[in-house]
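# Overview (structure and organization)
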Amino acid sequence: MMKSASQAAAVSAAEAGEMALVHRALARDPGAFRLIIKTHNQRLYRIARGVVRNDAEAEDIVQEAYMRAFASLDSFRGDASLSTWLSRIVINEALGRLRKKKRIVAMPENPDAQIIRFPLNSSDLNPGDDPERTMAQRQILGLVERATDSLPDVYRAVFVARVIEGLSIEETADLLGIRPETVKTRLHRARALVRKALDDEIGPVLLDAFPFAGRRCERLTQAVMKRLGFEA
């Protein structure tokens, strides 16, 4: 489908805005670094955790990915969006961790793998939240997270990118370096594997799965800014 003139103009403006932000970061503008980090934290964390299935390691992967990205920021040409470019770096870092682990020792599956709870703690709740609604969200999202964690690696990466993160078939294929047909096949298999655990009613709240906001988002932002030499 061809884009209308207004859509094309909006895309062009967004691309120009990203390049302007990148140029600010290249000029060592701390505000630009902070904006990039805060904007992409949640997506990158979800992707990393979808690969490694561990909260702390996912945070570490995202932090390392930011450092790699900022070290080579002058190579960003805008051929893909900044989000896609960063996501590829996170995917590569996460998959590299998995390969390294497999080389060191073959670890058995852990049936007690840590699950991200939602809300993470009382400080992440808004004062006006309904306790019953919060409990329902926690139970539903716990189901989503457990079902996602149980997927084999190749299916889980596609499921997280396509269903939880909401990327298109083409974006998922580009991100993972596979064909769109492969994305469709793996997604079909992933959905079949979790169908007993997931219900159509869960769909509207999937975007809140694997949350990364509040103090956790700020903590990672501060850590990266410190490593960049901007904050003590």
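In what follows, the structure referred to is the one given above.
The notes below deal with the structure included here.

Parameters and conventions
Residues numbered from 1 in each chain as written. Predicted model: local features only at pLDDT ≥ 70, side-chain atom pairs only at ≥ 80, totals over all residues. Heavy atoms only, no water. Helix = DSSP H or I, 4+ residues; strand = E, 2+ residues; numbered from the N terminus. Buried < 20%, exposed > 50% of the residue type's maximum accessible area, 1.4 Å probe, protein only. Contact = heavy atoms within 4.5 Å. Areas by Shrake-Rupley, 256 points an atom, 1.4 Å probe, with all protein chains shown as cover. Salt bridge = Lys/Arg side-chain N within 4 Å of Asp/Glu carboxyl O. Expected span 1.5 Å × (residues − 1). Core = buried A, V, L, I, M, F, W, Y, C linked by side-chain atoms within 4.5 Å. Axes fitted to C-alpha atoms, helices over the stretch in contact; angles between N-to-C directions. Parallel < 35°, antiparallel > 145°, perpendicular 65-115°, else oblique. Left-handed = near helix turned anticlockwise from the far one by under 90°. Nonpolar A, V, L, I, M, F, W, Y, C, P; charged D, E, K, R; others polar. Bend = angle between axes of the 7 residues up to and from the residue. Polar contact = N/O pair within 3.5 Å; in protein donor to acceptor, adjacent residues only side chain to side chain.

## Topic: the overall build of the protein
Along its length, the protein carries nine helices and zero strands. Helices and strands appear in the protein in the N-to-C order α-α-α-α-α-α-α-α-α. Here the protein, with 232 residues, has 40% of them falling under the buried criterion. The contacts in the protein between residues at least 6 apart in sequence include a share of 74% that link residues at least 24 apart. Carbon and sulfur atoms make up 53% of the accessible area of the protein, which totals about 13100 Å².

## Some words on the pattern of salt bridges
Across all of its chains, the model carries 16 salt bridges by this definition. Residue Arg 68 is joined to Glu 93 by a salt bridge in which the shortest nitrogen-to-oxygen separation is 2.8 Å. With a gap of 25 residues between them, Arg 68 in helix H3 (residues 55-71) and Glu 93 in helix H4 (residues 82-104) connect regions that are remote in the sequence. Among the residues examined, Arg 68 registers a relative accessible area of 51% and is labelled exposed. Of the residues examined, Glu 93 reaches a relative accessible area of 11% and is grouped as buried. Ionic pairing is found between Asp 153 and Arg 156, a salt bridge with its closest N-O pair at 2.7 Å. Here the residue Asp 153 and the residue Arg 156 both occupy positions in helix H6 (residues 153-164), the gap between them amounting to three residues, near one helical turn. For Asp 153, a relative accessible area of 29% translates into the label partly exposed. The class of Arg 156 is buried, set by a relative accessible area of 1%.

## Some points on H6
Along an α-helix, a turn takes 3.6 residues, which lines up residues three or four apart on a common side. An ideal rise of 1.5 Å per residue puts 16 Å on 12 residues; H6 measures up with 15 Å between its terminal C-alpha atoms. The positive-phi residue at the C-terminal boundary of H6 is Gly 166, with phi of around 80°.

## A look at the environment of Leu 44
Structurally, the position occupied by Leu 44 is in helix H2 (residues 30-52). By relative accessible area, which is 1% here, Leu 44 ends up buried. Along the chain, Leu 44 and Ser 87 lie 43 residues apart, while their C-alpha atoms are 6.0 Å from each other. Excluding its chain neighbours within four sequence positions, the residues that come into contact with Leu 44 are Val 62, Tyr 66, Leu 86, Ser 87 and Val 90.

## Here we look at the nonpolar core
Soluble globular proteins tend to pack their nonpolar side chains together in the buried interior. Grouped together as the largest cluster of nonpolar side chains are 40 residues, with contacts concentrated most on Tyr 66, Phe 70, Trp 85 and Val 224. Listed by contribution, the elements that provide at least two residues to this core are helix H1 (5-26), H2, H3, H4 and helix H9 (214-227). Here this core takes 10 residues from H2, the largest share from any one element. Not counting residues up to four positions away in its chain, the partners in contact with Trp 85 are Ala 69, Ser 72, Leu 73, Ser 75 and Phe 76. One finds Ala 147, Ile 164, Val 183 and Ala 190 within the second-largest nonpolar core, a separate group that totals 14 residues.

## Observations regarding the packing of H6 against helix H7 (residues 169-176)
With their axes 9 Å apart at the nearest point, H6 and H7 run at an angle of 135° to one another. Here H6 is positioned oblique relative to H7, judged by the angle of their axes. In this structure, the crossing between H6 and H7 has a hand that is right-handed. Touching Ala 157, Val 158, Ala 161 and Arg 162 of H6 are Ile 169, Thr 172, Leu 175 and Leu 176, all from H7. In the contact of H6 with H7, the residues fall into six nonpolar, one polar and one charged.

## Here's the deal with the environment of Ile 91
For Ile 91, the position within the fold is in helix H4. Remark: the alpha-carbon pair of Ile 91 and Val 51, spanning 40 residues in sequence, is separated by 7.8 Å.

## Looking at H2
By the largest-angle criterion, Asn 41 marks the main kink of H2, which is about 50°. The N-cap of H2, judged by a side-chain oxygen 2.9 Å from the amide nitrogen of Gly 31 a few residues on, is Asp 29. Of the residues flanking the end of H2, it is Arg 53, one or two places downstream, whose phi is positive at about 60°.

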